[in-house]
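# Observations on the three-dimensional arrangement
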Amino acid sequence: ASCTNKQPVKDTDWDSYLGDKSVSHFSTLNQIDTNNVQKLVPVWTYHSGDTNQQSASQIQCNPLVINGVLYGTSPMLKLFALDATTGKLQWEFNPFADTTKTKVQLHVNRGLAYWSDGNDRRLFYGAGSSLYCIDAGSGKPVSEFGDSGRVSLKDGLGRDVSNLFINATSPGTVYKDLLILGTRVSESNPAAPGDIRAYDVRTGAIRWTFHTIPRPGEPGNETWEDPDSWEYTGGANAWPGMSLDEKRGVVYIPTGSATFDFYGGHRKGKNLYSDCILAIEAATGKLIWYYQTLHHDLWDRDLPAPPNLVTVERDGKKIDAVAQVTKAGFVFVLNRDTGEPLFPINEVPVPDKSTLTGEQPWPTQPVPELPRPFVKQIMTADDLNDIVPDSSQRVIREQLSQLETGNMFLPPSEKGTVIFPGFDGGAEWGG
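Thresholds applied
Along each chain, numbering runs from 1 in the same order as the chain's sequence is written. Where local features are concerned, this predicted model is filtered to residues with pLDDT of at least 70; where side-chain atom pairs are given and counted, the filter is 80 or more; whole-chain, interface and lining totals use all residues. Note that water and hydrogens are dropped before the side-chain values are worked out from all heavy atoms of the structure. What counts as a helix is a DSSP run of H or I of at least four residues, what counts as a strand is a run of E of at least two, and both are numbered from the N terminus. Working definition: with a 1.4 Å probe on protein chains only, accessible area under 20% of the residue-type maximum means buried, over 50% means exposed, and in between means partly exposed. Between the rings of Phe, Tyr and Trp (Trp by its six-membered ring), a pair exists once the centres lie within 6.5 Å; its type follows the angle of the planes, with under 30 degrees stacked, over 60 edge-to-face, and the other angles tilted. The criterion for a charge sitting over a ring is simple: Lys NZ or Arg CZ within 6 Å of the ring centre, and within 35 degrees of the ring normal. Two strands are counted as paired when DSSP detects at least two bridges linking them. Fitted lines through C-alpha atoms give the axes, limited to the stretch in contact for helices. The angle between two N-to-C directions lies from 0 to 180 degrees. Put simply, a salt bridge is a Lys or Arg side-chain nitrogen that is within 4 Å of an Asp or Glu carboxyl oxygen.

On to unusual backbone geometry. The phi torsion of most residues other than glycine is negative, and most of the peptide bonds are trans. Across the junction of Leu-272 and Tyr-273, the peptide omega takes the value 5°, indicating a cis bond. On the secondary structure map, Tyr-273 appears in the loop between strand S16 (250–254) and strand S17 (276–281). In this structure, Pro-421 follows Phe-420 across a cis peptide bond, with omega equal to 0°. Its place among the elements puts Pro-421 in the segment after helix H1 (390–401). The backbone phi angle of Ala-236 is positive, close to 50°, even though this residue is not glycine. Take Ala-236: it is sitting in the loop between strand S14 (206–210) and strand S15 (243–245). Since its relative accessible area comes to 0%, Ala-236 is described here as buried. Its identity as a non-glycine residue notwithstanding, Asp-315 has a phi of 50°, on the positive side. Tracing the chain through its elements places Asp-315 in the loop between strand S19 (308–314) and strand S20 (317–325). The exposure class of Asp-315 is exposed, given its relative accessible area of 77%.

Time to look at the packing of aromatic side chains. Here the structure, examined in full by the defined rule, presents 12 aromatic pairs. Seen from their ring centres, Tyr-71 and Trp-91 are 6.1 Å apart, and the 40° between their planes marks the pair as tilted. Taken together, the residues Tyr-71 in strand S2 (residues 69–73) and Trp-91 in strand S4 (residues 89–93) connect sequence positions 20 residues apart. A single burial state applies to Tyr-71 and to Trp-91, both of which are buried. Taking 5.8 Å as the distance between ring centres and 75° as the angle between the ring planes, the aromatic pair formed by Trp-299 and Phe-409 counts as edge-to-face. Here Phe-409 lies in the segment after H1 and Trp-299 lies in the loop between strand S18 (287–292) and S19, a separation of 110 residues in the sequence. Considered together, Trp-299 and Phe-409 belong to a single accessibility category, that of buried residues. An aromatic cluster of at least three residues, connected via ring pairs, comprises Phe-93, Tyr-125 and Tyr-132. A cation sits over an aromatic face here: Arg-215 above Trp-230, 4.1 Å from the ring centre.

Before going further, it helps to examine the sheet that holds S17. With antiparallel pairing, the 4 strands of this open sheet are ordered in space as S15-S16-S17-S18. Both outer strands of the open sheet, S15 and S18, are each paired with one neighbouring strand and no more. Along the sheet, successive strands turn relative to each other by an average axial angle of 15°, direction set aside. With 5 bridges joining them, S16 and S17 adopt antiparallel strand pairing.

The next point concerns the pattern of salt bridges. Evaluated as defined, the whole model comprises 15 salt bridges. For the salt bridge of Glu-246 with Lys-21, the shortest nitrogen-to-oxygen distance reads 3.6 Å. With Glu-246 in the loop between S15 and S16 and Lys-21 in the segment before strand S1 (64–66), this residue pair connects regions lying 225 residues apart in the sequence. With relative accessibility at 47%, the residue Glu-246 sits in the partly exposed group. For Asp-300, the salt bridge is made with Lys-327, and the minimal N-O distance between the two is 3.7 Å. Of the two residues, Asp-300 is situated in the loop between S18 and S19 and Lys-327 in the loop between S20 and strand S21 (331–335); the sequence distance between them amounts to 27 residues. Accessibility expressed as a relative area gives 4% for Lys-327, which makes it buried.

In C-alpha cells:
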C-alpha cells in the first residue's frame, strides 16, 4: 500500500516476528495514520499460487521486511523473498521439492526468524518435522547447518518420537548465536514432549534443552503423581512463540496443557511446567522463575500468545513487567525479574469433584483481580437469546438443562460440560 506524508521517516525494518523481540507489534513508521489511512490503494499483489488442497487454505505468516526485501511463507510452506517495493519474486524455496527425503506434512506457519553476521544472513522456519536454515540472499539451504540445511525436530527429546507428530508453527527467537524454539505436538496420547530447545544458528547443534515435563531429580517433578510421567505424557509445549529481553538476556516462554487435553487421570497433580509463563536464561536454558496460570489443565487452556514486555508506572516508579493474555480472558501481569504479580492474584476454590474414573481436578485456580477479564467467562440460562421464538427458546433451555454449566472451571463429564469461554479464546495466537 502507498500513502504520502509531508514528514517521511527513514525506512524501518520489521526483522522479527510481531515487530521485535519483545513482540510489541509496533513500528516507528508514521507516514500512515488515522488522518490518511482511508486513502490507501493497492500498489502490488503477490499470488503464491499454491493453495493448500488438504485443508482450508490460509496464510497466517507475519512476514519480515529487511533491507527492502519481504520474506514470507505460503500455504504449502514454501519460503519466498519479494522486492518489497514492487512485489517481484526474487527467489522461492520448497521444503518438499524432494519428497523422497522429506515426508509432506502440512500445517500453518506464522513466521520466520532472522540472524545475520556480516554477509552471513540466515532465515529459520519450520516445515513438517524439520527446522530449515536458508540463506537470505540466495534462498538456498545453508549446507553447514545440520544435514544440508535442516535438522529434525524429533531429535534430542530423550525418547523415541519417530512416529509421533511434531512441528514448529511459530518461529523461534534469536539470541546472539542461538535460535530458541518451541514446538507443536499432539494433544492426545501418544504425544511428544514439549521440550524447549536452543539451536546453534551456525551448525544446528542443540546447545541447551529445557524439559517442560520435569524428569526425576529435576525441580517440578514432584508436581506429577508419577515421577516418570515424562516418558509417556506429552505436551506442555510452547507453540505460540516467545518474547526476549535482550538486555537482561532472558526469554519469556508461554506453555500449553499436558496431554490429554481434557482428561488428567494419569497425570494427577499441578503438572509443572504446563500452562506456565517461564523466565529462562537465554544463554544457558536455566530457569529463573515460573508462574503457573492454570493447575492440572482439563480445558485445553494453552497460553495462546507470546507475553508482551511492558513497563508499568506505580507510585512514581517504573516497573518492567510481563503481561500474558489467556484463552480465558485473563491478563497476568508479573514483575519481569522476579515473577511476582503486580496486581493481586487469588487462588480461588473451584469444583474439585469429577465423575470420570481416576480424575482429580485441582481444588483452586489462580484468578487475577486486575486487569479485569476482557471476555465474558460464565454462561447460564439467563444469557440465552430472548429474541428467537418461544419454541426455539424452550428447545435450547431444555438442551442446556441437561449439561453442566455456570462455572468456567467445571471439569469435563460424561453428562456434558459447557466449556466457556470456548476452546479458541479469549485471546488467541495473534496476541
